[in-house]
Amino acid sequence: MVKIALIGIAGMILAVIVGGMRRDIGIWITIVSGIIIFFFGISRFEYVVDMFHNLADYIGIHETYIKIILKMIGIAYLSEFTAAICRDAGQNAIAGQVDFFGKMSMIVVSLPVLQSLLETIGEVLP
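Since this is a predicted model, take the numbers as computed values, not measurements.

Undergrad: Would you mind showing me how to read the overall build of the chain here?
TA: Broken down by element type, the chain carries 4 helices and 0 strands. Counting from the amino terminus, the chain carries its helices and strands in the arrangement α-α-α-α. Against the 2.2 N^0.38 benchmark of 14 Å for 126 residues, the chain shows a C-alpha radius of gyration of 19 Å, more extended than a compact globule. For the chain, the C-alpha atoms occupy an extent of roughly 70 × 35 × 15 Å along the three principal directions. Residue burial in the chain is summarised as follows: out of 126 residues, 17% are buried. Partitioning the contacts of the chain with sequence separation of at least 6, the portion at a separation of at least 24 is 54%. Of the roughly 9200 Å² of accessible surface on the chain, 72% is carried by carbon and sulfur atoms. Here the chain holds 8 positive side-chain charges and 10 negative ones, and the gap between their average locations is 12 Å.

In structure tokens:
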């Protein structure tokens, strides 16, 4: 975590200093810093996936639901990351649309879970 904090602080300082002189380069520093941190996070994501699979095996949850949860986590992270970069670049309208599309994508991905829930409720009710 210390590496990530240092990368984040260094990226922020560089983006502020350089961004004061050349805003376009400041935005690129922000993007590159974010991508570096993203790849550090991806290396840890394998652990999260393994834990979800172990939990699913232990509880007896179908693997399809685990895949849906992991997709939703990915969509949430990617849309938040993209929207934050858009906001940093002063493009709030685009950031809002990215947020909206991320939320709609999560709803679409989660529809099989909702369908399964409704089928289960239909079987229980007379």
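Undergrad: What should I look at first to understand a nonpolar patch on the surface in this one?
TA: On the surface, Phe-100, Met-104, Ile-107, Val-108, Leu-111, Leu-114, Leu-117, Leu-118, Ile-121 and Leu-125 cluster together into a nonpolar patch covering about 930 Å² of accessible area. Tracing the backbone through its elements, the reader meets Leu-125 in the segment after helix H4 (92–124).

Undergrad: Looking at this structure, how should I read the environment of Asp-50?
TA: Of note, Asp-50 is situated in helix H2 (residues 23–59). Separated by 37 residues in the primary sequence, Asp-50 and Ile-13 have C-alpha atoms spaced 36 Å apart.

Undergrad: Looking at this structure, I do not really get the packing of H2 against helix H3 (residues 63–88). What am I missing?
TA: Between two packed helices, what matters for the description is the angle formed by their axes and the separation of those axes. Between H2 and H3, the least distance of the axes is 11 Å, while the angle of their chain directions is 165°. In terms of their interaxial angle, H2 and H3 are classed as roughly antiparallel. Of the two elements, H2 crosses H3, and the hand of that crossing is right-handed. Contacts from Arg-23, Thr-30, Ile-31, Gly-34, Ile-35, Phe-38, Phe-45, Val-49, Phe-52, His-53 and Ala-56 in H2 reach Glu-63, Ile-66, Ile-69, Leu-70, Ile-73, Tyr-77, Phe-81, Ile-85 and Asp-88 in H3. In terms of residue class, the contact of H2 with H3 is built from 14 nonpolar, 3 polar and 3 charged.

The rules behind each value
Residues numbered from 1 in each chain as written. Predicted model: local features only at pLDDT ≥ 70, side-chain atom pairs only at ≥ 80, totals over all residues. Heavy atoms only, no water. Helix = DSSP H or I, 4+ residues; strand = E, 2+ residues; numbered from the N terminus. Rg over C-alpha atoms; globule rule 2.2 N^0.38 Å. Buried < 20%, exposed > 50% of the residue type's maximum accessible area, 1.4 Å probe, protein only. Contact = heavy atoms within 4.5 Å. Areas by Shrake-Rupley, 256 points an atom, 1.4 Å probe, with all protein chains shown as cover. Lys, Arg positive; Asp, Glu negative; His and termini not counted. Charge placed at Lys NZ, Arg CZ, Asp CG, Glu CD. Patch = residues over 30% accessible without salt bridge, like charges linked within 9 Å, V, L, I, M, F, W, Y side chains within 5 Å. Salt bridge = Lys/Arg side-chain N within 4 Å of Asp/Glu carboxyl O. Axes fitted to C-alpha atoms, helices over the stretch in contact; angles between N-to-C directions. Parallel < 35°, antiparallel > 145°, perpendicular 65-115°, else oblique. Left-handed = near helix turned anticlockwise from the far one by under 90°. Nonpolar A, V, L, I, M, F, W, Y, C, P; charged D, E, K, R; others polar.

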